[in-house]
Amino acid sequence: MSLLFSSTTLGPLALQNRFVMAPLTRSRAIGNIPNDLMVKYYAQHASAGLIITEGTSPSPNGLGYARIPGIYSAEQVAGWQCVTKAVHPLGAKIFVQLMHCGRVAHPLNLPAGARLLGPSAVAAGGEMYTDAKGMQPNATPVAMTEADIKSTIDEYARAAKNAVTAGFDGVELHGANGYLLEQFFRPTSNHRTDRYGGSIENRARFVLEVTRAVVGAIGNDRVGIRLSPFGAFNDMPAYPATEADYTYLAGELNAIGLVYIHLVDHSSMGAPPVPESMKATFRRVFKRTLILSGGYDAVRAESDLAADKCDLVAFGRPFLANPDLVARWKAGAALNAPDMSTFYTPGPKGYTDYPTLTV
Ligand SMILES: Cc1cc2nc3c(=O)[nH]c(=O)nc-3n(C[C@H](O)[C@H](O)[C@H](O)COP(=O)(O)O)c2cc1C
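From a predicted model like this one, the values you see are computed outputs, not experimental measurements.

## Focus: the nonpolar core
Here is step 1: Among the nonpolar cores identified, the biggest contains 84 residues, and Phe 206 and Phe 315 are the most heavily contacted of them.
Here is step 2: Sorting elements by how many residues they give to this core places helix H6 (residues 205-218) first, with seven residues.
Here is step 3: If near-sequence neighbours (up to four positions away) are discounted, Phe 315 is found in contact with Leu 4, Phe 19, Val 20, Met 21, Ala 22, Tyr 296, Asp 297, Ala 301, Leu 325 and Trp 329.
Here is step 4: Formed by 14 residues, the second largest nonpolar core is a distinct cluster that contains Cys 101, Ala 105, Ala 124 and Ala 139.

Structural data, given as C-alpha cells:
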C-alpha cells in the first residue's frame, strides 16, 4: 500500500496522502448554514489528504435539496470558516464543492424569492424529498435567459471568492450527476437553440464560462471540476456522442489549466460503467491532477495508482461510515458498513457517531 499512503502534491498544495474524501451531501445544514455538528464531522475526517465538502450552493437558486449548505451569505461563510479552521490543523486540505442543483429541485426546498432554473423548461424525471410534503416530483424549471446565465456565472465567481475568505484551499465545480452544469452540457436536458445549446461547442459554453470566471476570481491552482461521463443519475440518459463530447471538454479544461479533474464512475451504484478508453482519454489529454472515484477499495485504489491511471482516489461510502478510514486500512482493520437510513437525516445519528478504531 505504498502509494495510497504516501504524501503528494496537488498544484501548490502538499497532501499528507492520496486519500480524497468524496463529496457527500448529508443534509445537516439547518437553514442552509454550516453548524457545529458539521465542524465536528469534517474534523473527524481530517486524516484524508484532501476533503471535498458536500455539494454547497453558490446561490439561493441552487438549493434544490432540503438542508444543504450555501456559500453566498456572510453567515454561511462564517460557518464554513469554523470548518476549515478545525480541519487544517489536523492535516487535511479542503475544497468546497460548488453545486447548483438547477432543475433537480423543488420549490418547497428553495428559500423565499429563489428561482428554480434550468437550461430549458424540461423537468428531470424522478422525485425530490421535501421536509414539508415528503417526496414530490422534480419541478419544471424556468429556462434561463442570457441575463440569468450571466448572473449565475457571477454567483459562481462570488462563491469562489467567499470560499477563499472562508479558508478553503479551493473549490470543486460540480459538473457531474445531473446538476446545472451537466444539465447544460447534455443534449437530453438542454434543448436551447441559442449559443448555449445545440452543438457541443454551444452546450459546453456554460460550463467553460463558469470555469473561466471562477479561475479568474481565485486562480487556476484553486479550481477543480467533477465530471460524470456516462453518469445516469438525475435523469441523464446515455447518448451516442458521450465519449466525443467529453473528449472535447477534457481538451478545453486542459487549456484553462485547472488544478484537477475528478471523474466519477457510478457503476457501483447502478449506472453504466465509464469505459476505460474514456478514463484513458482524460489521463492523456488533461495534464494536471486526475482523481478517480466510484466503488473503490484500498486494493483497487493502490492498483490504479500503481498503473498511473490517476494521481488521487476519492472514496465516498467507505469514508462516510469510517471517519478513520486511513488508519483502518493502514491497520488492515474491518470497515463499518454505511447506514443508508441516516444518509440525509438531521442530527448526529449516522453522521458523527460511527465508531473509530480507538473507541
Ligand atoms: C449519501 C451520499 C451523498 C452524496 N452526495 C454527493 C454530492 O454532494 N456531490 C457529489 O458530487 N457526489 C455525491 N455523492 C456521490 C459520491 O461522491 C461518490 O461518487 C459515490 O458515493 C460513489 O463512490 P463510493 O463507491 O466510494 O461511495 C454522494 C453519495 C452518497 C452515498
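## Concerning the site of the ligand
Here is step 1: By nearness alone, 22 residues border the ligand, and Pro 23, Thr 25, Arg 226, Gly 295 and Arg 317 come closest of all.
Here is step 2: With respect to the ligand, the side chain of Thr 25 contributes an N or O atom lying 2.6 Å from an oxygen atom.
Here is step 3: Contacts to the ligand include Arg 226, whose side-chain N or O atom sits 2.7 Å from an oxygen atom.
Here is step 4: A total of 610 Å² of accessible area belongs to the ligand in isolation, and the protein chains cover 94% of it.
Here is step 5: With respect to the pocket detection grid, the ligand is positioned in the largest pocket.
Here is step 6: Broken down by element, the residue count for the shell around the ligand peaks at three residues, all from helix H10 (residues 317-321).
Here is step 7: In the shell around the ligand, the residues fall into 10 nonpolar, 10 polar and two charged.

Criteria and thresholds
- Residues numbered from 1 in each chain as written.
- Predicted model: local features only at pLDDT ≥ 70, side-chain atom pairs only at ≥ 80, totals over all residues.
- Heavy atoms only, no water.
- Core = buried A, V, L, I, M, F, W, Y, C linked by side-chain atoms within 4.5 Å.
- Buried < 20%, exposed > 50% of the residue type's maximum accessible area, 1.4 Å probe, protein only.
- Helix = DSSP H or I, 4+ residues; strand = E, 2+ residues; numbered from the N terminus.
- Contact = heavy atoms within 4.5 Å.
- Near = heavy atom within 4 Å.
- Polar contact = N/O pair within 3.5 Å; in protein donor to acceptor, adjacent residues only side chain to side chain.
- Areas by Shrake-Rupley, 256 points an atom, 1.4 Å probe, with all protein chains shown as cover.
- 1 Å grid on protein atoms, 1.4 Å probe; cavity = no way out; pocket = protein on both sides within 12 Å on 5 of 7 lines; lining within 4 Å.
- Sits in = over half its atoms within 2 Å of the grid points.
- Nonpolar A, V, L, I, M, F, W, Y, C, P; charged D, E, K, R; others polar.

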